[in-house]
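Topology and contacts: notes
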Amino acid sequence: MTDVHPSVLAALDAASSASYPSHSIVTEGLAVAADRQAWPEVELRHLEALRAAMLFFTRSDGTFRGEYHGSGEAPWPREVRQIPQDAHDLWAAYAQAARHPAVRARLHHLLWAARHGECPIDHLRAAVDAYRQAAPILRDGTATLASIGRMQAADALVAAYGLAASTGQPVLADVVADMLALADVALGWEDPAPGVVAALTEPLLEHREYHDRVRPLLERAVDVYRSDLHNGVLFLTDLRKTAADDERSAIDQRVIDAYTDHAERFGGVAKLMCFEEAAAYAHKMGLAEALEEIRRQQQRLTRDDLDLARIGLPIQIPAGFFTPALTAIDAADDLGEAFRAVAAATPLLPEAADTPIPEDTLQGLLRLPTAKINMNGPVVTTPLAKASPRPVGTDTRTLVLDLHGLQLEAQLDRIQERFAPTADDLLALFVRPPVAPPERMRGLARAFQAYFEHDNDVAVELALIRVEGLLRRHLKATDIPVIQHAQKGSPRPGQPTRRTHRGHGDRRLPSTMADRLPPPARRPERRHEPAQRGPPRPDRAPPTPAPDRPGPPGRTRGAPLEHRTRTTRGSGGSRHAGMSASTGSLLLPHGDCPGEKLTGAGVSHRTT
């Protein structure tokens, strides 16, 4: 049998004399002792073996992995059974002589894992007893970091439980009683210790015979930590494991209520994330009604609820940036020619994201990548970027549209200054039957009039619905196939069709816009375009549906497409004097990768 050297044993006891002797602390103490004096070769080997034992860490499956390199060229083996036999003998000798039970428990546990000796089960029993002895010592510490000792006490009992349960030891019942007692005490501590309670109760939940004894503790834990969302939900889900089948739906509702109640108290992104977690849980548990209610609450969130703020960075605009656009308006002989100059202007798209705008550009209408609406909430997600060849970056496209929007805004302001058009002037200009009949264009003329009067919200509300209708009629007139969402008796979603339902209005949309729309159940079908939006004027009766296109009973007209970018302009002065103002463009969806920078022609801009 290997002899214990008193000097090495003294160094081991001194290293484990800390209030909470973790294995790393013991290792550091042994290293300090080894460096403090000159040790004989034999005693150095003892110190090396003990340091190697303290640096074995537990894997998730309960096995050990060593991390000690040692003083030699080759590191110590990583697996317990690969450790040399003489080192096992050293562990066995010091496991009997060490003063602190946590050290004895570690050495006996390693020896059981190595199946050392003629009767390895003796090491298992000794490890269980030592873990149980260490738990109250660690738990009752009064040092500043008492919470560390309490967690170590829980870990010691969990280790003892694992050893006793794996071999069916008679002491298992006593170990379970110790675990339940410590969990009960932890619930009464002044300092919250949800980690201690969870560590002690989770292993017992795996065995149904302990559910009746664990459930009262979990009920108390749910009540004690009800103000802690994460831990409160954790204990509710553990409580669900102990409940009968007819009780689980009530617990599921308690989980959802915990998320939604905290969402009401939180602000900003935390509010949205609480609703997201609630929706995910309801979907996982198949609670359709609860999921629908959560979605409704999410859709009611506003910018103020989420504490969102529009961030704008001023950028320098060259002195002649607006000159070409304004010159085109100044050269126009009449209102129609001025609007044709506005319509003829096209934003310039660089061939690649890092190509300067003025060179090698492509002419034509720009379109940003389509976005899909997350039905669980008002979070816009964009498809992942495809592999090479790399398309033009969304940030670059957004910047190009921003700049083009500024030019359009300047042109419209110049039109207002030169021609001061009335709604009748605009109506006469816009009417082009059958695609743009008078009854449809009157609202668009009023939208421009509202824009000239700096009433942006009204202008957007009036313009979007009419531009969409104008596009639909144009596509219909040119016989272009479109995408139509499935309804009763209609094709599946995404299936091309040319058919229009008689008496139900033309709901066809171009394929490039179809995935911008939410499902039809979330957006009622619009049967006709009203002649007027907003509150009725005193001298005009509220608009009524056209008599030849009635909608079905019980249906309401759908809202216009969501306007994602709204700008607030001042009541007077130039709206395009600086870039700190919003662009005023109606086509400004958000980019998918913030932070891309584009410089060129004296323009420097970073999207956020």
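Residues numbered from 1 in each chain as written. Predicted model: local features only at pLDDT ≥ 70, side-chain atom pairs only at ≥ 80, totals over all residues. Heavy atoms only, no water.

Glancing now at the packing of helix α19 (residues 438-452) against helix α20 (residues 456-477). Put simply, α19 and α20 touch, their axes get as near as 8 Å, and they point 145 degrees apart. Judged by the sense of rotation from one axis to the other, the crossing of α19 with α20 is left-handed. Judged by residue contacts, Arg440, Met441, Gly443, Leu444, Arg446, Ala447, Ala450 and Tyr451 of α19 engage Asn456, Val458, Ala459, Leu462, Ala463, Arg466, Val467, Leu470 and Arg473 from α20. (Axes fitted to C-alpha atoms, helices over the stretch in contact; angles between N-to-C directions. Helix = DSSP H or I, 4+ residues; strand = E, 2+ residues; numbered from the N terminus. Left-handed = near helix turned anticlockwise from the far one by under 90°. Contact = heavy atoms within 4.5 Å.)

As for its position among the elements, histidine 108 is in helix α5 (residues 101-113). Discounting residues that sit within four places of it in the chain, histidine 108 has contacts with Ala95, Gln96, His123, Ala126 and Ala127.

The subject of this paragraph is the layout of surface pockets. Once rolled over the atoms, a probe with the size of a water molecule shows which space is left empty. Within this model, the second largest pocket holds a volume of roughly 1,100 Å³. Taken together, 40 residues line the second largest pocket, and the ones lying closest to its centre are Thr58, Phe64, His109, Tyr131 and Ala159. Going through the elements one at a time, α2 (23-36), β1 (56-58), α5, α6 (121-139), α7 (146-167) and α9 (194-205) are the ones with two or more residues in the lining of the second largest pocket. Per-element tally for the lining of the second largest pocket: the top contributor is α7, with nine residues. Residues belonging to the lining of the second largest pocket are distributed by class as follows: 20 nonpolar, eleven polar and nine charged. (1 Å grid on protein atoms, 1.4 Å probe; cavity = no way out; pocket = protein on both sides within 12 Å on 5 of 7 lines; lining within 4 Å. Points joined across faces, edges and corners; volume = space filled by probe spheres on them. Nonpolar A, V, L, I, M, F, W, Y, C, P; charged D, E, K, R; others polar.)

Counting residues in each nonpolar core, the largest one holds 70 residues, and the members touching the most others are Tyr161, Leu200, Leu204 and Phe235. Here this core takes nine residues from α6, the largest share from any one element. Setting aside residues up to four positions removed in sequence, phenylalanine 235 forms contacts with Pro194, Val197, Ala198, Leu218, Ala221, Val222 and Tyr225. Residues Ala34, Leu47, Tyr68 and Ala95 belong to the second largest nonpolar core, which totals 35 residues. (Core = buried A, V, L, I, M, F, W, Y, C linked by side-chain atoms within 4.5 Å. Buried < 20%, exposed > 50% of the residue type's maximum accessible area, 1.4 Å probe, protein only.)

On to the environment of isoleucine 329, then. If you trace the backbone, isoleucine 329 turns up in helix α15 (residues 323-330). A relative accessible area of 0% means that isoleucine 329 is categorised as buried. C-alpha separation for the pair isoleucine 329 and arginine 418, spaced 89 residues apart in sequence, amounts to 8.8 Å. Aside from chain neighbours lying at most four places away, what touches isoleucine 329 is Ala338, Ala341, Val342, Gln411, Arg414, Ile415 and Arg418.

Moving on to unusual backbone geometry. Each neighbour pair has its own omega, and for proline 433 with proline 434 the value is 0 degrees, a cis peptide bond. Looking at where proline 434 falls in the secondary structure, it is placed in the loop between α18 (423-430) and α19. If you check the backbone angles, arginine 115 has positive phi at about 50 degrees while not being a glycine. Within the secondary structure layout, arginine 115 lies in the loop between α5 and α6. Assessed through its relative accessible area of 38%, arginine 115 is described here as partly exposed. The phi dihedral of histidine 454 falls on the positive side, at around 65 degrees, and the residue is not glycine. Residue histidine 454 is classed as partly exposed on the basis of its relative accessible area of 24%.

Side chains that carry opposite charge are capable of pairing whenever their charged atoms lie near each other. As enumerated under the stated definition, the model contains 19 salt bridges in all. As a salt-bridge pair, arginine 215 and glutamate 219 come within 3.9 Å of each other at their nearest N and O atoms. Residue arginine 215 and its partner glutamate 219 are both found in helix α10 (residues 211-224); the two are separated by four residues, about one turn of the helix. The partly exposed category is assigned to glutamate 219, whose relative accessible area is 31%. As a salt-bridge pair, arginine 414 and glutamate 417 come within 3.5 Å of each other at their nearest N and O atoms. Of this pair, arginine 414 and glutamate 417 both sit in helix α17 (residues 394-419), three residues apart, which is roughly one turn of the helix. Shared partners join several salt bridges into a network, and the residues in it are Glu292, Glu293, Arg296 and Arg300. (Salt bridge = Lys/Arg side-chain N within 4 Å of Asp/Glu carboxyl O.)

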